[in-house]
Amino acid sequence: MKSAVLSVYFGAKTVPSIVEPHTHEYWQMEIVTQGVIGSSLLGEGHLLETGDMLLIPPGWEHEFMYRKPGVAWITLKFEREKDDDVVWGGIIRGNQFTNRLVSSFKTAIHGSANKQYEKVFVSGFLETMFHYILSDDFNKTDDASSLMLRQIEEKVLNRDGKAVTVNELAAELSYTRSHLSKSFKEITGDNLKAYIDKTRIRKVEEMLRYREHSITEIAADLGFNDIFSFSKFFKKHTGFSPKEFKRKVAERRDESD
């Protein structure tokens, strides 16, 4: 882990107060769990709503304003190994992914992180957030094209390997089939049906590699009517039958042992 946890604090305010501008030599992450908290980072003011986080690198001046009672937050203070990534600080707005992550954090950690395994958990949480900050999902813009691609990706990935047609996607996203397909092609250069199949095949390969289930069970889990249609679909896109693929995976494992 690149992050070493120094302190975990669950805070709450019942009366208005202010934490004056200050700096420190370690990193800090502020996670708003209830209400709205005012803040500033390097002199720029921000409002942090429930689910938002503020990442503060070492040496960056910051302050917090608790103007309304009934606010709550989690403060993480930590040190971090230097790496080649650009130091970034700022707001991480709450979304479905970060909300699930924070919910897991609140379930696992209560009040502080005194045990070593609790600190490992918090370090893992921080590493996940740093990876998220560097990801395309975090850095995507909110223009119409990016929004459409994000919606398509979420819909396809949420199927978890099960089939979805272009018609179904278009209906769910309130587009016509032709508009959705044409727009996807113009933005990415790829065919939407091919993208769906490619994403589905990645999930199938994962299941064949790591699930301790029979090919028949995997085919049923993925919504295929029978093993024959499953094998036909898989071979069309990989050149191997599911049985041949599993055998090759086993052979590679034996060679590496």
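Below is a short write-up of the structure. (Residues numbered from 1 in each chain as written. Predicted model: local features only at pLDDT ≥ 70, side-chain atom pairs only at ≥ 80, totals over all residues. Heavy atoms only, no water.)

## Overview of the environment of Glu217
So, point 1. Positionally, Glu217 belongs in helix α8 (residues 215-221).
So, point 2. For Glu217, a relative accessible area of 40% puts it in the partly exposed group.
So, point 3. Between the alpha carbons of Glu217 and Ala163 there is a distance of 16 Å; along the sequence they are 54 residues apart.
So, point 4. Within polar-contact distance, the side chain of Glu217 engages the backbone nitrogen of Ser214 at 2.9 Å. (Helix = DSSP H or I, 4+ residues; strand = E, 2+ residues; numbered from the N terminus. Buried < 20%, exposed > 50% of the residue type's maximum accessible area, 1.4 Å probe, protein only. Polar contact = N/O pair within 3.5 Å; in protein donor to acceptor, adjacent residues only side chain to side chain.)

## Considerations on the packing of aromatic side chains
So, point 1. Following the criterion strictly, the structure yields 16 aromatic pairs and no others.
So, point 2. With a centroid separation of 4.6 Å and 20 degrees between ring planes, the pair formed by Tyr66 and Trp73 is classed as stacked. Both residues of the pair, Tyr66 and Trp73, belong to the buried class.
So, point 3. Above the face of the Phe130 ring, Arg80 is positioned so that its terminal group lies 3.7 Å from the ring centre.
So, point 4. The ring of Phe233 is capped by Arg200, whose NZ or CZ atom sits 5.0 Å from the centre of that ring. (Phe/Tyr/Trp six-rings, centres within 6.5 Å; stacked < 30°, edge-to-face > 60°. Lys NZ or Arg CZ within 6 Å of the ring centre and 35° of its normal.)

## Describing the side chain of Glu63
So, point 1. Considering the arrangement of structural elements, one finds Glu63 in strand β7 (residues 62-66).
So, point 2. No salt bridge forms around the buried Glu63; measuring N to O, its nearest opposite-charge neighbour Arg67 is 7.3 Å away. (Lys, Arg positive; Asp, Glu negative; His and termini not counted. Salt bridge = Lys/Arg side-chain N within 4 Å of Asp/Glu carboxyl O.)

## So, the nonpolar core
So, point 1. With 23 residues, the main nonpolar core has Val8, Met29, Leu76, Val122 and Phe125 as its most contacted residues.
So, point 2. Looking at this core, the elements with two or more residues in it are β1 (3-13), β3 (27-34), β6 (53-56), β8 (71-80), α1 (96-108) and α2 (116-134).
So, point 3. With seven residues, α2 is the largest single contributor of residues to this core.
So, point 4. Val204, Ile218, Ala219 and Leu222 belong to the second largest nonpolar core, which has 14 residues in total. (Core = buried A, V, L, I, M, F, W, Y, C linked by side-chain atoms within 4.5 Å.)

## Some details on the sheet that holds β6
So, point 1. With respect to topology, five strands assemble into an open sheet ordered β1-β8-β3-β6-β9, the strand pairing being antiparallel. Looking at the sheet topology across the chains shown, the edges are occupied by β1 and β9 (90-92). The mean inter-strand angle of the sheet, taken between neighbouring strand axes irrespective of direction, is 20 degrees.
So, point 2. Together, β1, β3, β6, β8 and β9 form the strand contacts of α1, whose direction differs from that of β8 by roughly 90 degrees.
So, point 3. Across the sheet, α2 touches β1, β3, β6, β8 and β9, and the angle it forms with β1 is around 90 degrees. (Pairing = 2+ DSSP bridges. Axes fitted to C-alpha atoms, helices over the stretch in contact; angles between N-to-C directions. Contact = heavy atoms within 4.5 Å.)

## What about the pattern of salt bridges?
So, point 1. For the structure on display, the rule yields seven salt bridges.
So, point 2. A salt bridge links Arg80 to Glu127, with the shortest nitrogen-to-oxygen separation between them at 2.5 Å. Here the residue Arg80 occupies a position in strand β8, and Glu127 occupies one in helix α2, the gap between them amounting to 47 residues.
So, point 3. On the accessibility criterion, Glu127 (10% relative accessible area) is buried.
So, point 4. Through salt bridges with shared partners, a single network forms among Lys155, Arg159 and Glu172.

## Things to note about the packing of helix α4 (residues 144-158) against helix α7 (residues 192-210)
So, point 1. Contact pair α4 / α7: the axes reach a minimum separation of 10 Å and the direction vectors enclose 40 degrees. Judged on the interaxial angle alone, α7 and α4 are oblique. With respect to the hand of their crossing, α4 and α7 are arranged in right-handed fashion. Every residue of α7 that contacts α4 at Ile152, Glu153, Val156 and Leu157 is listed here: Leu192, Tyr195, Ile196 and Thr199.
So, point 2. Class assignment for the residues of the contact of α4 with α7 results in six nonpolar, one polar and one charged. (Parallel < 35°, antiparallel > 145°, perpendicular 65-115°, else oblique. Left-handed = near helix turned anticlockwise from the far one by under 90°. Nonpolar A, V, L, I, M, F, W, Y, C, P; charged D, E, K, R; others polar.)

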